[in-house]
Amino acid sequence: MPHNRAPKQGSKFYLPRAQYRYVVAFCMTYNDLRLKLLDLDGLHSHEQDGMPRGSGTSDPTGREAIRRADTTRKIALIEDTVLECAGQAMYAGMLASVTSEITYDQIRARYNLPISKNAFSVLRRKIYWTIEKAL
């Protein structure tokens, strides 16, 4: 697992440990969110057997639209923040670094990142800090 420790108090882009871990876990769900969105966008129908399901009126299409909108919003938040903080040149590498457990050396080799390890860590923390402020 790559080195991804919460910044210390007083440092730039500081987040309390619990909030930092929450944002990291939120970003790690990116691939699951993409799969969930593909599942929600697929063609399927709801069971229409005429039997009542609980109390009150039901709107399965409306609930699904809300889930689709929420999932799309979460994906867009991660992608837009990475693009805003890292720029187009480092977008793919930084998106991979915040959404998967991949080390700096693997990122640098795969995506040819033009920054040092320390600059990489600061940029990743900036991305997490920006996402936390948007949540």
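What you see is a predicted model; the values in this text were computed from it and never measured.

*Asks:* Looking at this model, I keep getting lost on the environment of phenylalanine 120. Mind explaining?
*Replies:* Relative to the helices and strands, phenylalanine 120 resides in helix α6 (residues 117–134). Along the sequence, phenylalanine 120 and serine 97 sit 23 residues apart, while their C-alpha atoms lie 9.4 Å from each other. Beyond its immediate stretch of four places on either side in the chain, phenylalanine 120 contacts Met94, Ser97, Tyr104, Ile107, Leu113 and Ile115.

*Asks:* Teacher, can you tell me more about the environment of phenylalanine 26 here?
*Replies:* Relative to the elements of secondary structure, phenylalanine 26 occurs in helix α1 (residues 17–28). We classify phenylalanine 26 as buried; its relative accessible area is 10%. Once the C-alpha coordinates of phenylalanine 26 and isoleucine 131 are considered, the two residues, 105 residues apart in sequence, prove to be 9.4 Å apart. Leave out the neighbours within four places in its chain, and phenylalanine 26 touches Lys74, Leu77, Ile78, Ile131 and Leu135.

*Asks:* Would you mind going over the nonpolar core with me for this structure?
*Replies:* For soluble globular proteins, nonpolar side chains are generally found buried alongside one another. Grouped together as the largest cluster of nonpolar side chains are 31 residues, with contacts concentrated most on Met94, Leu123, Ile127 and Ile131. Within the residue set of this core, elements represented by two or more residues are α1, α2 (30–41), α3 (60–86), α4 (91–99), α5 (104–111) and α6. With six residues, α3 is the largest single contributor of residues to this core. Not counting the four nearest positions on each side in its chain, isoleucine 127 is found in contact with Thr81, Val82, Cys85, Met94 and Val98.

*Asks:* Is there a simple way to explain α1 in this structure?
*Replies:* Structurally, the α-helix is built with 3.6 residues per turn, so residues lying three or four positions apart point the same way. The end-to-end C-alpha distance of α1, which contains twelve residues, comes to 16 Å, matching closely the 16 Å that a straight helix rising 1.5 Å per residue would cover. By the burial criterion, the buried members of α1 are Tyr20, Val23, Val24, Phe26 and Cys27. The arc that holds every buried residue of α1, seen down its axis, measures 160°, which confines them to one face. Those residues of α1 that are exposed and aimed more than 90 degrees away from the buried face are Arg17, Ala18, Arg21 and Tyr22. Close packing links the buried residues of α1 with α2, α3, α4 and α6.

*Asks:* Honestly, the pattern of salt bridges in this entry has me stumped. Any pointers?
*Replies:* Side-chain pairs of opposite charge can arise where the charged atoms are in close proximity. Summed over all chains, the structure comprises five salt bridges. Beyond isolated ion pairs, a larger network of salt bridges with shared partners links Asp70, Arg73 and Lys74.

Rules used in this analysis
Residues numbered from 1 in each chain as written. Predicted model: local features only at pLDDT ≥ 70, side-chain atom pairs only at ≥ 80, totals over all residues. Heavy atoms only, no water. Helix = DSSP H or I, 4+ residues; strand = E, 2+ residues; numbered from the N terminus. Contact = heavy atoms within 4.5 Å. Buried < 20%, exposed > 50% of the residue type's maximum accessible area, 1.4 Å probe, protein only. Core = buried A, V, L, I, M, F, W, Y, C linked by side-chain atoms within 4.5 Å. Expected span 1.5 Å × (residues − 1). Arc of directions from axis to C-beta. Salt bridge = Lys/Arg side-chain N within 4 Å of Asp/Glu carboxyl O.

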